[in-house]
Amino acid sequence: MADNNPFRPTRFEHQEHPLIWLSPNVKYLEGLKSLYIAGTRGSGKTSLLQAVNWRERLNNKTLRDQISDDDQPDYVAVYFRLPDYISSAFGSVDWEHWFPRAPDLERVEHDYFSKLIEVISAQLICEAFAGLRSAGKFGYSPTQEAEVVQELCSEHPNVFDGADRLIGLDELSKWFRGLQRKMNLAVTRGLIDRLDGALPETEPGVFVNDLAARVRTLACESGHDMCPPHFHIKVCIDDCETLHPRQQRFLNTLVRTSKNPLFWVVSYVSTDYDSTSTIIQNQSLTDADRRQIDLNNESEKDFRRLCEEVSALRLYYSNTQLSSATSFRELPSNFFTLDQVFGARSINTLLIETTKNSISPAFSQLKERASAIRQKIDGESDVDSEDVPPIWQAYLIEKLGINHADMHSRRRSRNIQAYLRRKQRAALLNICSEFRIANVPYAGASTIISMSDLCVRDYLEIAAAILEEALKRREISSADGFAYRRTPLSLVSQREGIKAASRSKFDGIKNNLEQDWIEVMKVIECLGMLCAKLQSDHRNTDSLATPERGIFVFNLSNIPGSSEKHIADRKAQIVRIFQRCEADGLLRPEPVRASSPQADESGDIAGRKVPSTLSYRLHRRFAALFRFSQRGPYEPVTMPMEDFAALCERPSGIAANEWVERVYGKIGSSIPGQSTLLL
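Thresholds applied
- Residues numbered from 1 in each chain as written.
- Predicted model: local features only at pLDDT ≥ 70, side-chain atom pairs only at ≥ 80, totals over all residues.
- Heavy atoms only, no water.
- Helix = DSSP H or I, 4+ residues; strand = E, 2+ residues; numbered from the N terminus.
- Buried < 20%, exposed > 50% of the residue type's maximum accessible area, 1.4 Å probe, protein only.
- Areas by Shrake-Rupley, 256 points an atom, 1.4 Å probe, with all protein chains shown as cover.
- Phe/Tyr/Trp six-rings, centres within 6.5 Å; stacked < 30°, edge-to-face > 60°.
- Salt bridge = Lys/Arg side-chain N within 4 Å of Asp/Glu carboxyl O.
- Pairing = 2+ DSSP bridges.
- Axes fitted to C-alpha atoms, helices over the stretch in contact; angles between N-to-C directions.
- Contact = heavy atoms within 4.5 Å.
- Arc of directions from axis to C-beta.
- Patch = residues over 30% accessible without salt bridge, like charges linked within 9 Å, V, L, I, M, F, W, Y side chains within 5 Å.
- Lys, Arg positive; Asp, Glu negative; His and termini not counted.
- Charge placed at Lys NZ, Arg CZ, Asp CG, Glu CD.
- Polar contact = N/O pair within 3.5 Å; in protein donor to acceptor, adjacent residues only side chain to side chain.
- Core = buried A, V, L, I, M, F, W, Y, C linked by side-chain atoms within 4.5 Å.
- Parallel < 35°, antiparallel > 145°, perpendicular 65-115°, else oblique.
- Nonpolar A, V, L, I, M, F, W, Y, C, P; charged D, E, K, R; others polar.
- pLDDT = per-residue confidence, 0-100.

1. Observations regarding the overall build of the chain
In terms of helices and strands, the chain carries 29 helices and eleven strands. Here the chain holds 679 residues, and 54% of them are scored as buried. As displayed, the chain offers around 30300 Å² of accessible surface, 46% of which is attributable to carbon and sulfur atoms.

2. Examining the packing of aromatic side chains
Throughout the structure, instances matching the rule amount to 29 aromatic pairs. Considering the side-chain rings of Phe 129 and Phe 231, the 6.4 Å spacing of their centres and the 80 degrees angle between planes classify their relative orientation as edge-to-face. Highlighted residues: Phe 129 in helix H6 (residues 105-134) and Phe 231 in the loop between helix H9 (206-221) and strand E3 (232-238), separated in sequence by 102 residues. Both rings, one in Tyr 395 and one in Phe 435, keep their centres 6.5 Å apart while their planes meet at 65 degrees; by these two values the pair is edge-to-face.

3. A word on the pattern of salt bridges
Oppositely charged side chains can pair when the atoms bearing their charge come close. Under the definition given, this model contains 44 salt bridges. With a closest N to O distance of 3.3 Å, Asp 507 and Arg 503 form a salt bridge. Of this pair, Asp 507 and Arg 503 are both found in helix H22 (residues 491-507), four residues apart, which corresponds to roughly one turn of the helix. One salt-bridge network, in which partners are shared between bridges, spans Asp 453, Arg 588, Glu 590, Arg 617 and Arg 620.

4. Side note on the sheet that holds E3
Read across the sheet, five strands follow the order E2-E3-E4-E1-E5 without closing on themselves; strand pairing throughout is parallel. Every interior strand has two partners, whereas the edge strands, strand E2 (75-81) and strand E5 (290-294), have only one. This sheet shows a mean twist of 15 degrees between the axes of neighbouring strands, independent of strand direction. Across five bridges, the pairing between E3 and strand E4 (residues 262-268) is parallel. What sits directly across from Cys 236, in E4, is Val 265. Each of E2, E3 and E4 touches H6; the most contacted strand, E2, lies at about 130 degrees to it.

5. Some thoughts on helix H14 (residues 347-354)
When H14 is considered as a whole, its buried residues turn out to be Ile 347, Asn 348, Leu 350 and Leu 351. In an axial view of H14, the angular spread of the buried residues amounts to 160 degrees, which keeps them on one side of the axis. Among the structural elements, helix H17 (391-399), helix H19 (424-434) and H22 are those in contact with the buried residues of H14.

6. Here we look at a positive patch on the surface
Where like charges cluster on the molecular surface, the positive patch consists of Lys 27, Lys 33, Arg 291 and Arg 305. Locating Lys 27 in the fold gives a position in the segment before strand E1 (34-38). According to the relative accessible area criterion, Lys 27 is partly exposed, its value standing at 49%.

7. A look at the environment of Tyr 395
By the secondary structure assignment, Tyr 395 is in helix H17. When residues no more than four places from it in sequence are discounted, the contact partners of Tyr 395 are Leu 366, Ala 427, Asn 430, Ile 431, Glu 434, Phe 435, His 538 and Leu 544. A distance of 2.6 Å separates the side chain of Tyr 395 from the side chain of Glu 434, its partner in a polar contact.

8. Quick word on the pairing of E1
Regular strands have side chains that alternate between both faces of the sheet. Burial analysis of E1 places five of its five residues in the buried class, the great majority of the element. With five bridges connecting them, E1 and E5 associate as parallel partners. Each bridged residue has a counterpart across the sheet, and for Ser 34 the counterpart in E5 is Arg 290. In the sheet, E1 pairs with E4 via four bridges, with the strands oriented parallel. Residue pairing across strands places Leu 35 opposite Val 265, the latter belonging to E4.

9. Some remarks on the nonpolar core
By size, the foremost hydrophobic cluster in this structure holds 115 residues, and its most contacted members are Phe 342, Phe 482, Ile 524, Phe 644 and Trp 659. Core analysis: the second largest hydrophobic core is formed by 71 residues, Ala 130, Ile 237, Phe 250 and Val 255 among them.

10. Observations concerning the packing of helix H26 (residues 564-583) against helix H28 (residues 641-648)
Between H26 and H28, whose axes approach to 10 Å, the crossing angle comes to 75 degrees. Taken as axis vectors, H26 and H28 run roughly perpendicular relative to one another. The residues of H28 that touch H26, namely those facing Arg 570, Gln 573, Ile 574, Ile 577 and Phe 578, are Met 641, Glu 642, Phe 644, Ala 645, Ala 646 and Cys 648. Tallied by class, the residues present in the contact of H26 with H28 amount to eight nonpolar, one polar and two charged.

11. Things to note about the side chain of Glu 548
Relative to the helices and strands, Glu 548 is located in the loop between helix H25 (542-545) and strand E6 (549-555). We note that Glu 548 is buried and unpaired, the nearest opposite charge coming from Arg 425 at a distance of 5.7 Å. Of the polar contacts made by the side chain of Glu 548, one reaches the side chain of Ser 629; its length is 3.2 Å. Discounting residues that sit within four places of it in the chain, Glu 548 has contacts with Arg 422, Arg 425, Ala 426, Gln 535, Ser 629, Arg 631, Gly 632, Pro 633, Tyr 634 and Glu 635.

12. Remarks on unusual backbone geometry
The omega angle of the peptide bond from Arg 8 to Pro 9 is -5 degrees, so this bond is cis rather than trans. Along the chain, Pro 9 falls in the segment before E1. Omega for the peptide link from Asn 260 to Pro 261 comes to 20 degrees, which places this bond in the cis form. Counting through the fold element by element, Pro 261 comes out in the loop between helix H10 (245-257) and E4. Of note, Arg 436 is a non-glycine position whose phi angle comes to about 55 degrees, a positive value. With respect to the secondary-structure elements, Arg 436 resides in the loop between H19 and helix H20 (445-452). When its relative accessible area of 77% is taken as the criterion, Arg 436 is described as exposed.

13. Let's talk about the confidence of the model for the chain
Reading predicted coordinates in detail is not appropriate for stretches of low pLDDT. In the predicted model, the chain carries a mean pLDDT of 86, and 88% of its residues have values of at least 70. Overall, residues 595-600 carries pLDDT values under 50, and its contacts beyond four positions in sequence, including any with other chains, amount to seven contacts.

14. Here we look at the side chain of Glu 496
On the secondary structure map, Glu 496 appears in helix H22. Apart from residues lying up to four places away in sequence, Glu 496 is in contact with Asn 439, Glu 469 and Arg 473.

15. Brief notes about the pairing of strand E10 (residues 613-618)
With five of six residues buried, E10 lies mostly within the body of the structure. Two strands pair when backbone bridges link them, and E6 and E10 are joined in this way by four bridges, in the antiparallel orientation. Note that in E10 the partner of Asn 555 across the bridge is Thr 613. In this sheet, E10 lies alongside strand E7 (residues 587-589) in antiparallel orientation, the contact comprising three bridges.

16. Some remarks on the sheet that holds E6
Strands sit in the order E7-E10-E6-E11 across an open sheet of four strands; the sheet is mixed. With one partner strand each, in any of the chains shown, E7 and strand E11 (635-638) form the two edges of the open sheet. Ignoring strand direction, the axes of neighbouring strands in this sheet form an average angle of 40 degrees. Across the sheet, helix H24 (residues 517-536) is in contact with E6, E7, E10 and E11; its angle to E6 comes to roughly 130 degrees.

Right, dumping it as C-alpha cells:
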C-alpha cells in the first residue's frame, strides 16, 4: 500500500526523488545574516534547508517547477548533515596527551573541530561553484578559475603539499574531501599526530571565509546575471543537536566570527542546542549575529497552508498524466483543500453521526433535552443547523448546574456561551465516557491539523493512514480520490485512519530508540492514560470545571531516594527519558508560570543545564490512541515525583492501570476549577 501512497515516505532522506515544497519560510534564509532554525523532528527543517541547496535548485524538478525565471536567488547555498560520530569522537580524544604543553585545551579542541567544519564547507563550496559553472550559471573561464586555485594553494603550502595538479575547483573539492577523510580517521582512531601540519595555520573560521570571498569575486567578475550586488554564500548544517554543549559553543563561535560573503544556517531539534554561548570571553551570539526561527511556533493558519501545499505537491506528482499535462503552478486552488477532503464537522455533528445507530435511551433523552433548549441559545455561533441539536451545550448546562432562566437574558446567554465554549472538547470526551460511546469521533480538517501538532511529518502519516483506510473501504479507488473532492471522506474512514496513525506513532517508539525504549513506552502509555482520565472522568466534575488538564509539571528537586547518589541517578534517568521523548516528538515542552523561585533554579546533568522544574504535554497525535483532547491540554497538573521516578526505573515492573489509578487518586481533584462564571 505504501508504494502507491503519495503521502509516504515522510522522511526527506527516504525519498528516491525528493518532493520539496518551497515554503514561505525560505524568505528567512535569504537575508545577509546567519540563521538558526529550531524544530522537532519532522517539522520540515531538512526540507527547508534543501529548498535553498544549489544542487536541489539545479536538478530537482519539483523545486524548479515552483521557481519562476525571475525568482533567482542572490546566493549559493550548500548543505550537509553533521556526521553522527563527531560529538562522541571529539569528546573521547585525549587532548592533553597530544598537546601536553597547551595552556588551554578547550581552544585546542575548538581549533580542530572548527577546521573539520571548515574543510567540509570548503569542499562543498568548491563543488557547488564547479557544478554551477558547468551548468552555465557562471561565466568565468577555466583560466580564471585555475588562477584562484593556485593563489589559494600558494598561500597555504602546508595544506596543499603535493597538489601541483590542482587546476580547478572540482579538483580542489576532491582534495578537501580527501583531507576530510584523513581528519575523520585521525579523530575516530585517536591518531591526531597524523594531522600535524596538514591543516590551515589560521584562526578558526578564517580559512573558509577567505575561500568564500575568493570564489564570490571569481563568480561576480564574470559579469554573470547570477551575481547581484549582495551575492553571498550560505553553509547549511543539519542535525546540530547531536553536538556536545562544548562543540555547540565552537560552532557558535564560527558563526560569531564569520564575515560577508559567508553566512551559516544551523538547524537543530528545539531545546537540545545552546544558541547563544561562544568561547570568546564576554561575547555571546546575539540577534546582531544571527536570526532565529522556531518551526514549532508557527501559527495554525500557516501550518494548515503548508499541509495543503505539500499534499497538493505529492498528489500532483503521483499522477503522471496530470503532471505531464499541466504545470504545478497552474493548478486551481480547489485541487486539494483540507475542508474539501476531511470536512469541517462540528462536535454536535460528530456526535450525531457517531450515534446514528445507537439505541441508548439515556442518550436519546439527552438529545431531546438538547432540542428543548435550542430556542434559548439560538443565534449563537456555536449552534448548528436545526436538524442538529446542541448536545454538548445541553450536557454542560446540566452538569455545571447552570440556571435555564439565565439563558433568557441576552447578555447572560453570551457570557454562558463563552464560558461553555472553552469546555466543548471536554464535554465530548465526557459524553463518550458516560454514554459508553466506544469510538470517540476524531475526524475533520481541524482535528487532523491539531493532531499533527505543527509537525508536517505527523500530518503526512495521518493523511497516509486515512487514505489507506478509504481505499480499504472502497470509498475511493485511488489516491486521485483526494483531489477535486466535492464531499468529505466518511467519518469512519477518517476515524479509523486517525486511530491507526495514533497507534503507529506509539508502536514506532521501539523501532526508533536504541536504548530506554521500554521505559519510554511505559512513560508515554501511563501519561496518556492519565491524561485521558483527567479529561474524561464523567464521575468527577473537575474534568468539566477545569477541562483538558494534562500539562504535567515535574519538580526534579522533589525526587526522593535512599541516598544522594540514588537521587542523582534517578534524576539523570528522568532527564534522559525527557530529552529522548522531546527529541523524537513524543512529548512537547509546555512552559507554565513558576509557582516558586525554586522552579527557576538549574542543575548540571550530563554536561547540560537542566531547570529544576520541567513541564510537558503529550504529542497530540496520541489523542486517538488514549482518548484525550487533541486541542489541549491547557491546565497544569503537578506530578508526584516518587510515583514518576519509580515508573522511569529499569525495569519498573509497574502495571500501567495500577499506576494511573494511584496517581489519579492523588491529583484527580487537586486542581482548582476555572474562574467562576460571571453573569
